[in-house]
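Single-letter residue listing:
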Amino acid sequence: MKQSRPREPRPRRPDATRSARPALAGEGEACAAALNAGLALQQQGQLDQAEALYQEILRSNPQHFHALQLLATIAGQRKNSAAALELFDQALRIDPHHALSLYNRGVALQDLKRPAEALESCDLALRIKPDYPQALNQRGIALHELKRLDEALQSYDLALRIAPDHVQPHFNRGVVLHALKRLDEALQSYDRALVIEPDHKDALVNRGHALLELKRPQEAIAALRLALENGGDPEQIGYTLAALGAATVPAATPRQFVTRHFDQFASTFDQHLIGTLKYQTPALLSKEISQWVAAGNLDILDLGCGTGLLGALLKPLARRLTGVDLSPNMLGMARQLQVYDELICGELTEFLQTQSGNLDLVAAADVFVYIGDLSPVFAGARQALRAGGLFGFAVEASDAGDFVLRPTLRYAHSAAYLRKLAASHQFVCEFIGPRIIRQEKGSDVNGFHAILRRS
Ligand SMILES: C[S@@+](CC[C@H](N)C(=O)[O-])C[C@H]1O[C@@H](n2cnc3c(N)ncnc32)[C@H](O)[C@@H]1O
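Residues numbered from 1 in each chain as written. Predicted model: local features only at pLDDT ≥ 70, side-chain atom pairs only at ≥ 80, totals over all residues. Heavy atoms only, no water.

(A) Spotlight on the confidence of the model for the protein chain. Confidence along the protein chain averages 92 in pLDDT terms, with 94% of residues attaining 70 or more. In the model, residues 15-26 has pLDDT below 50 throughout and makes 25 contacts with residues more than four positions away in sequence or in other chains. (pLDDT = per-residue confidence, 0-100. Contact = heavy atoms within 4.5 Å.)

Quick look at the structure:
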């Protein structure tokens, strides 16, 4: 789930933060006038012109602190976090006690996915200026990223004690509570954010999701429709509305949704799936696959390989093991296992289409819950496999129609649909049978395992 910080790093007048820096030579009236003109331009969004003025100041005084830090905020406004960080570092070498720059440096570091350093920078800013709500909010974001959720909540609470009308800490507090499954409290935080900013689209979307999880479908639908009206992402919202029966079911989960979800989930995935959800698909499916292969030494593709739970078990059968997944962070975890010969960040159907009769086994565990229409996947698997090659996978079981999208935001497929696809793509069904694929809130979730052979 997204977190938010002030939308634009706002340039401030040079004297607006606490700094004990002595005046430098070369800061005469002309320079001050250029700086003020630059600021005015920057505030009007005329970044190129403002930048030119700051550069001019730096040509006569390369150590001009305010010109450097304002250039850095321009880089931040342009979402060039690496350049912003470099410029803030230069500025802070001149004045290490400038709270605004330390905070903005934290923002840049967070954008560069360096949360531990972002936290450090915000802490330094807060040592200089303890009542700094933006830095407390940013600190909360870094702590959340570092999975220190209770501390993140405390940081947002402190921010809100100083600035109860700031929308970001309310919203971000909701995101943490949501992650902790404290859904009623999350809802309250989203509601507070929406009192301050009624068209906050991320708060509207998250409110819809919290209501969905609280099994209040009608309110969830209303919240999501409002999010849509306020510029929320139609693909993502349409997908959630479809899961609630209020929109047409799309062919697959939106890619962005998959990537964002699994990127956030990657570091705790194995522990959550195996520990909490009693996830056994990789163990069962790999055993079933090994019963149908004549020998090892296979060229294997693991579709939606995630952290590599299935790949690790298929490794003994492999001559070459390739994994493909949409989530860079899941792939990062898989890389640490050192079982894959190649890991590819991409969409699995598209990747299958690049292969041509060069694989002995295509496998997928708990991946087709994110794809409803499996026809293109079957076509891709057929194209990728050698004659006699195996296609082994697990799906969540539905007993109605071809496939359904459930309020859990997961697709389920019927055995009849799998058989129909196998026939139309010339696969022989070696095995399609019922399996418990994991648990959800303590109850078994039914699925099917399938082992198909390319004719
Ligand atoms: C529930 S995890 C399962 C991971 C692994 N197969 C396992 O059993 O542990 C689902 C994985 O599929 C990936 N995924 C979902 N849809 C995908 C798609 N269309 N293309 C590539 N990867 C996808 C996700 O990023 C995620 O890593």
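(B) Region of interest: helix H9 (residues 167-179). Its 13 residues give H9 an end-to-end C-alpha distance of 19 Å, which sits within 8% of 18 Å, the value for a rise of 1.5 Å per residue. For H9, a buried count of 12 out of 13 residues is recorded, marking the element as mostly surrounded by other parts of the structure. Every buried residue of H9 is listed here: Val 167, Gln 168, Pro 169, His 170, Phe 171, Asn 172, Arg 173, Gly 174, Val 175, Val 176, Leu 177 and His 178. Against helix H7 (133-145), helix H8 (149-162), helix H10 (183-196) and helix H11 (201-213) lie the buried residues of H9. Where H9 terminates, the next one or two residues include Lys 181, which has phi positive at roughly 60°. (Helix = DSSP H or I, 4+ residues; strand = E, 2+ residues; numbered from the N terminus. Expected span 1.5 Å × (residues − 1). Buried < 20%, exposed > 50% of the residue type's maximum accessible area, 1.4 Å probe, protein only.)

(C) Quick look at the domain arrangement of the protein chain. Partitioning the protein chain into structural domains gives domain 1 (29-243) and domain 2 (262-454). A separation of 38 Å is found between the C-alpha centroids of domain 1 and domain 2. Across the contact, eight residues belong to domain 1 and nine residues belong to domain 2. Summing both partners gives a buried area of about 670 Å² for domain 1 against domain 2, and 62% of it is carried by carbon and sulfur. On the domain 1 side of the interface with domain 2, the three residues burying the most area are Lys 147, Tyr 239 and Ala 243, jointly 69% of the side's total. At the boundary of domain 1 and domain 2, one finds two residue pairs in polar contact (both at pLDDT 80 or more). Elements with a contribution of two residues or more to the side of domain 1 that touches domain 2: H11 and helix H13 (234-243). Considering each element in turn, the side of domain 1 that touches domain 2 owes the most residues, four residues, to H13. (Domains from an automatic or database assignment. Buried area = accessible area lost by both parts, 1.4 Å probe. Polar contact = N/O pair within 3.5 Å; in protein donor to acceptor, adjacent residues only side chain to side chain.)

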